Amino acid sequence: MPGVLSVVAAFALAGGPNGSSPTPEETVAYFVHGLEQGAIPKYGQQADEPMKQVSRSPAIFTSTGPNEVGDKTETLRFIVTRLDDCTYKAEQQFEEDGAIYYRLTYEVRLGNVTALSFDSPPSTISLKGLVKSCSTDTEGSCDLTREPETIGPFFGEPGPAEQALTYFHEKFCPLKP
């Protein structure tokens, strides 16, 4: 399906070493959070600092800049790790001068995800068919009873994310009947 591959190339996932194809972790990072090299975080103190991809597998993205006061360095970090073909662990964390002060870790089972929907402007995403579990170091960040198919934040664009989901099911995790 050349359309999907060209879209994947368009959002820079195919820009790995030697023009290699996106890893499963990079693909999940894109359609779940809109993460790619150069994505602009839409929350946190480093709103003007583009995301940098520092690893492909696991897929790790960071944005580092001065904190709100300007006296410390703050880092927003996302880590997506493959557990099996259809299950991934994702972690969001904030660090201040290297010390983690917020962490949300969750597991997403993506074998039954058939569609994506977004709020407007896209800042969170709902994955129809998602099964997730989560844990956190920060109280109130993980409520599975409220919007169980919703994940945030989302930094990308809906069209490429939908095509990345299609690519994910074609290449890594066939849809479960």
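Nothing here was measured: the structure is a model prediction, and the numbers come from that model.

Definitions and limits used
Residues numbered from 1 in each chain as written. Predicted model: local features only at pLDDT ≥ 70, side-chain atom pairs only at ≥ 80, totals over all residues. Heavy atoms only, no water. Helix = DSSP H or I, 4+ residues; strand = E, 2+ residues; numbered from the N terminus. Expected span 1.5 Å × (residues − 1). Buried < 20%, exposed > 50% of the residue type's maximum accessible area, 1.4 Å probe, protein only. Phe/Tyr/Trp six-rings, centres within 6.5 Å; stacked < 30°, edge-to-face > 60°. Polar contact = N/O pair within 3.5 Å; in protein donor to acceptor, adjacent residues only side chain to side chain. Contact = heavy atoms within 4.5 Å. Core = buried A, V, L, I, M, F, W, Y, C linked by side-chain atoms within 4.5 Å. Disulfide = S-S within 2.5 Å.

Help me understand helix 3 (residues 158–171), please; the structure alone is not making it clear to me.
One turn of an α-helix holds 3.6 residues; hence residues three or four places apart share an orientation. Helix length check: helix 3 (14 residues) gives 20 Å between terminal C-alpha atoms against 20 Å at 1.5 Å per residue, within 8%. Among all positions in helix 3, only Ala161, Ala164, Leu165, Tyr167, Phe168 and His169 are buried.

Got a minute to help me understand unusual backbone geometry in this structure?
A negative phi holds for most residues other than glycine; trans holds for most peptide bonds. In the segment running from Ser57 into Pro58, the intervening peptide bond is cis, with an omega of 0 degrees. Note on placement: Pro58 falls in the loop between strand 1 (52–56) and strand 2 (59–66). At the junction of Gly152 and Pro153, the peptide bond is cis and its omega measures out at -5 degrees in the coordinates. On the secondary structure map, Pro153 appears in the loop between strand 9 (150–151) and helix 3.

What is the right way to look at the packing of aromatic side chains in this model?
Two measures describe an aromatic ring pair: the distance that separates the ring centres and the angle between the ring planes. Inspection of every chain in the model, using the stated rule, returns eight aromatic pairs. On the numbers, 5.8 Å between centres and 65 degrees between planes, the contact of Tyr88 with Phe168 is edge-to-face. Of this pair, Tyr88 sits in strand 4 (residues 87–96) while Phe168 sits in helix 3, and the two are 80 residues apart along the sequence. Tyr88 gets classed as buried once you look at its relative accessible area, which sits at 1%. For the ring pair Phe94 and Tyr101, a centre distance of 5.9 Å and an interplane angle of 25 degrees mean the geometry is stacked. For Tyr101, a relative accessible area of 43% translates into the label partly exposed. Cluster of aromatic residues (ring-pair linked, three or more members): Phe31, Tyr88, Tyr167, Phe168 and Phe172.

I would appreciate a short explanation of the side chain of Glu91 in the present structure.
Mapped onto the elements of the fold, Glu91 is located in strand 4. Of the residues examined, Glu91 reaches a relative accessible area of 13% and is grouped as buried. Engagement of the side chain of Glu91 in a polar contact is seen with the side chain of Arg103, the distance being 3.0 Å. Residue contacts for Glu91: discarding those within four places in its chain leaves Arg77, Phe78, Ile79, Arg103, Leu104 and Thr105.

Help me out: how do you make sense of the nonpolar core in this one?
Side chains that are nonpolar tend, in soluble globular proteins, to be buried together. Core analysis: the largest hydrophobic core is formed by 37 residues, its most contacted members being Val28, Phe31, Leu110, Leu116, Leu127, Ile151 and Phe168. At the level of elements, helix 2 (24–33), strand 2, strand 3 (73–84), strand 4, strand 5 (99–109), strand 7 (125–128) and helix 3 are the ones that each hand at least two residues to this core. Discounting chain neighbours no more than four positions away, the residues touching Leu127 are Phe31, Val32, Leu110, Val113, Ala115, Leu116, Glu149 and Ile151.

Explain the state of the cysteines here, please?
Here is the idea: a disulfide is a covalent bond, and it sits between the sulfur atoms of two cysteines. Using the criterion set out here, one finds one disulfide in the structure. Through a disulfide, Cys86 is tied to Cys173; the S-S separation comes to 1.9 Å. Residues Cys86 and Cys173 share a disulfide whose torsion about the S-S bond is about 110 degrees; that sign makes it right-handed. Residue Cys86 is found in the loop between strand 3 and strand 4, and its partner Cys173 is found in the segment after helix 3; the two are separated by 87 residues along the sequence. In this structure, Cys86 and Cys173 share a single accessibility class: buried.

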